[in-house]
Amino acid sequence: MSMLADWITGPLAYPFMQRALVVSLLVAAVCAVLSCYLVLKGWSLMGDAISHAVLPGIVIAHVAGLPLVVGAFAAGLSCALLTGYLKENSRIKEDTVMGIVFSGMFGLGLVLFTKVETDQHLNHILFGDVLGVSVRDVIETAIVAGGTLLVVLALRRDLLLYCFDPGHARTIGLPVRVLHYGLLVLLALTIVASLKAVGIILVIAMLIGPGATAYLLADRFGRMLAVAVATAMLSAAIGTLASFHIDGAPGACIVLTQSLFFGLAFLFAPRNGVLARRRVPAGTA
Amino acid sequence: MNAPVPTDRLASPSPASNVVPGTPAGPPRGDGILVDRVSVTYPNGTTAVRDASFALDPGTICALVGINGSGKSTVFKAIMGFVRPSAGAVRLCGMPVAQALKRNIVAYVPQSEDVDWNFPVLVEDVVMMGRYGHMNMLRIPARADRAKVDEALERVGMAAFRKRQIGELSGGQKKRVFLARALAQEGRIILLDEPFTGVDVTTEGAIVALLRELRAAGHVMLVSTHDLGSVPDFCDQVVLLDRTVLAAGATAEVFTPENLQRTFGGALRNFRLGGAALHQDADRRSLTVLTDDERPLVFYGDPDSDGEGRT
């Protein structure tokens, strides 16, 4: 027991580990909430797209002397809008359009990055630098993540209805376009908030894993949200602490822990798990 | 495919069942749904519907009949405000579409294929979604909302299933849940997209009975269907569609073999048994069976008298 306590409290003796843990938990929570909507809406690739597209925004913001958050947000949003525009004005399907837009913007970001003198490390943008966050970073993350979380929770029923049955949402007079683009804006904000902790590549996992795990475990949306947030925050804590002990990258450790949770849910979920299905012959459930 | 037709389906309803007490005589004025010379052109350039007009009054069940691609779903979309007509106008209960939607007048019962049945929502959650338009911004249900949900579930006989995840239901039960949502919404206009697809005969009967009750209460129902056989049973009006309105009006006048041939062209199986093939007497009437893949439509009568002798 005391070994476990040491395993937990040991790393937390260092202020940088405390800050890392706080940021990881915040990011995990907000990503988990968004991931539930993305999984249900079939938008997992949208998180992938927006996060890659953020890169040129970061570089341009750096050159222009703006806060990186502003550039990242603007770029993420333009990716989403450009995708929508191309889809509506061509015969190409949405997933293909997304693939073109985000890889193009990611390429632009990489080219710009090598042309610009910057104090940023590419690796930190791609994979996060949670051990290097300052108190100021913690506050910034808390504001963006907290604000996003509040808006999503306030709109949670409308967003859910929009994902489930946009036709009905429209006929009862809900502003579906506002909900559609609102969800994209919230997604972009979430990615921006996650930059420091996990970077733009690993945030994709944070935006899919918890929702997928919870989808296997819950048959009601409220529970799905709760399960997603719980597993994500638990993964964040375990991953961050484990990274200290094994001297690994924290972002990667968090994502790996989340994947483990998904594997467990896949095997042992009481109703949807592989083992449960094997016990009950198909068709009688 | 060629299963024998149950005899009860051959019987046409007594004419009285299609007449709603208190309905004014004469052609409909469109106090429920008025589609006035509507054309819809999509951004890719195809015109799905051209110059379509029909009018429905409160207390009507109307079938919207046509082959796939005839513009049935476009007409639905125009009524639900998903597409804006490039010409003409839709008015719902005398209001423009946008205003009618804000007032929660239109309820929509989707086709089963359009619903994600794995979605983590329970039966009662879906029915509660019908109440969202009546709630405040945060959609926190009031006592009245819960009462309406209970009542709607009771009315479609799904109260016992309220805690089930929607994917666990049978085809007929799934339909009834979405019908309950429309009831809970209390829309004056109810759009039903293929309500009998994948539904057992008992449920079909229950749905039809419910639609008749709603008609008596003054609702307007527009039912998109290719289940021709059931149309004369419960629809008092019919709109025949093939990229425009071919014919619209009272079922007895519009739902004739000739009009259906025009609507479906060669897409319909057509059997006509008459004279010597049917019976050995002087009776000149013939038996006409029209069907696509659902329940067949049967006409029995003189082929020259416009289906008047349908029995």
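The shown structure was predicted, so the numbers you read here are calculated from the model rather than taken from an experiment.

## Considerations on the confidence of the model for chain B
Residues and elements named next belong to chain B.
Moving on, step 1. For chain B, the average pLDDT comes to 82, and 81% of its residues sit at 70 or higher.
Moving on, step 2. Ranking the elements of chain B by mean pLDDT puts helix α1 (residues 7-10) last, at 39, and helix α4 (residues 123-129) first, at 94.
Moving on, step 3. Ignoring residues within four places in sequence, the model shows residues 1-23, a span with pLDDT below 50, making 25 contacts including any to other chains.
Moving on, step 4. The low-confidence segment residues 305-311, where pLDDT is below 50, has 14 contacts with residues more than four positions distant or belonging to other chains.

## Considering the environment of P141 of chain B
All names here are of chain B.
Moving on, step 1. Position of P141 among the secondary structure elements: in the loop between α4 and α5 (143-155).
Moving on, step 2. Separated by 12 residues in sequence, P141 and M129 place their C-alpha atoms 10.0 Å apart.
Moving on, step 3. Apart from residues lying up to four places away in sequence, P141 is in contact with M128, M135 and R146.

## What to know about helix α2 (residues 72-80) of chain B
All names here are of chain B.
Moving on, step 1. Most of α2 sits inside the fold, with seven of its nine residues counted as buried.
Moving on, step 2. Inspection of α2 places K72, T74, V75, F76, A78, I79 and M80 among the buried residues, and these make up the whole buried set.
Moving on, step 3. G81 occupies a position one or two residues after α2 and carries a positive phi of about 80 degrees.

## Things to note about the environment of D51 of chain B
Moving on, step 1. Residue position: D51 of chain B is located in strand β2 (residues 47-56).
Moving on, step 2. Note: C-alpha distance between D51 of chain B and G88 of chain B (37 residues apart in sequence) is 7.5 Å.

## Here we look at unusual backbone geometry
Residue and element names in this part refer to chain B.
Moving on, step 1. With a phi angle near 50 degrees, C93 is a residue other than glycine that sits in the positive phi range.
Moving on, step 2. If you trace the backbone, C93 turns up in the loop between β4 (87-92) and β5 (95-96).
Moving on, step 3. Assessed through its relative accessible area of 28%, C93 is described here as partly exposed.
Moving on, step 4. Positive phi is not limited to glycine here, since E194 has a value of about 45 degrees.

## Quick notes on the sheet that holds strand β1 (residues 33-41) of chain B
Residues and elements named next belong to chain B.
Moving on, step 1. Strand order in this open sheet of four strands is β2-β1-β4-β5, and the pairing throughout is antiparallel. The open sheet terminates on both sides in strands that have one partner only, identified here as β2 and β5.
Moving on, step 2. Where β4 and β5 come together, two bridges link them in antiparallel fashion. By the bridge assignment for β5, R91 is matched with P96.

## What about the packing of helix α2 (residues 15-41) of chain A against helix α7 (residues 135-154) of chain A?
Residues and elements named next belong to chain A.
Moving on, step 1. At a closest axis distance of 10 Å, the pairing of α2 and α7 adopts a crossing angle of 25 degrees. Overall, the two elements α2 and α7 adopt an arrangement that is roughly parallel. As for how α2 packs across α7, the hand of that crossing is left-handed. Of α7, the residues touching α2 (which contributes R19, V22, V23, L26, V27, A29, V30, V33, L34 and Y37) are V135, V138, T141, A142, A145, T148, L149 and V152.
Moving on, step 2. By residue class, the composition of the contact of α2 with α7 is 15 nonpolar, two polar and one charged.

## Remarks on the interface of chain B and chain A
Moving on, step 1. Counting residues at the interface gives 32 residues for chain B, matched by 24 residues for chain A.
Moving on, step 2. Here chain B and chain A share an interface that buries about 2400 Å² over both sides, 60% of which is from carbon and sulfur atoms.
Moving on, step 3. Our count for the chain B to chain A interface comes out at four salt bridges.
Moving on, step 4. Residue D165 of chain A pairs with R181 of chain B through a salt bridge whose shortest N-O separation is 2.8 Å.
Moving on, step 5. Breaking the side of chain B that touches chain A down by element, the ones donating at least two residues are β6 (106-109), α4 and α6 (171-185) of chain B.
Moving on, step 6. Counting residues per element, the side of chain B that touches chain A draws most heavily on α4 of chain B, which supplies four residues.

## A word on the packing of aromatic side chains
Moving on, step 1. Overall, the coordinates contain nine aromatic pairs over all chains when judged by the stated rule.
Moving on, step 2. Centroid distance F164 of chain A to F119 of chain B: 4.9 Å. Interplanar angle 50 degrees. Geometry classified as tilted. Residue F164 of chain A is found in helix α8 (residues 156-164), and its partner F119 of chain B is found in the loop between β6 and α4; the two belong to separate chains. Comparing F164 of chain A with F119 of chain B shows no difference in burial state: the two are buried.
Moving on, step 3. Between W117 of chain B and F178 of chain B, the aromatic rings sit 5.6 Å apart at their centres with planes inclined by 90 degrees, giving edge-to-face as the arrangement. Taken together, the residues span a long stretch of sequence, with W117 of chain B in the loop between β6 and α4 and F178 of chain B in helix α6 at a distance of 61 residues.
Moving on, step 4. Here F178 of chain B falls in the buried class, since its relative accessible area comes to 2%.
Moving on, step 5. The cationic tip of K41 of chain A hangs over the ring face of Y162 of chain A; the distance from NZ or CZ to the ring centre is 4.4 Å.

What counts and how
Residues numbered from 1 in each chain as written. Chains lettered and ligands numbered in written order. Predicted model: local features only at pLDDT ≥ 70, side-chain atom pairs only at ≥ 80, totals over all residues. Heavy atoms only, no water. pLDDT = per-residue confidence, 0-100. Helix = DSSP H or I, 4+ residues; strand = E, 2+ residues; numbered from the N terminus. Contact = heavy atoms within 4.5 Å. Buried < 20%, exposed > 50% of the residue type's maximum accessible area, 1.4 Å probe, protein only. Pairing = 2+ DSSP bridges. Axes fitted to C-alpha atoms, helices over the stretch in contact; angles between N-to-C directions. Parallel < 35°, antiparallel > 145°, perpendicular 65-115°, else oblique. Left-handed = near helix turned anticlockwise from the far one by under 90°. Nonpolar A, V, L, I, M, F, W, Y, C, P; charged D, E, K, R; others polar. Buried area = accessible area lost by both parts, 1.4 Å probe. Salt bridge = Lys/Arg side-chain N within 4 Å of Asp/Glu carboxyl O. Phe/Tyr/Trp six-rings, centres within 6.5 Å; stacked < 30°, edge-to-face > 60°. Lys NZ or Arg CZ within 6 Å of the ring centre and 35° of its normal.

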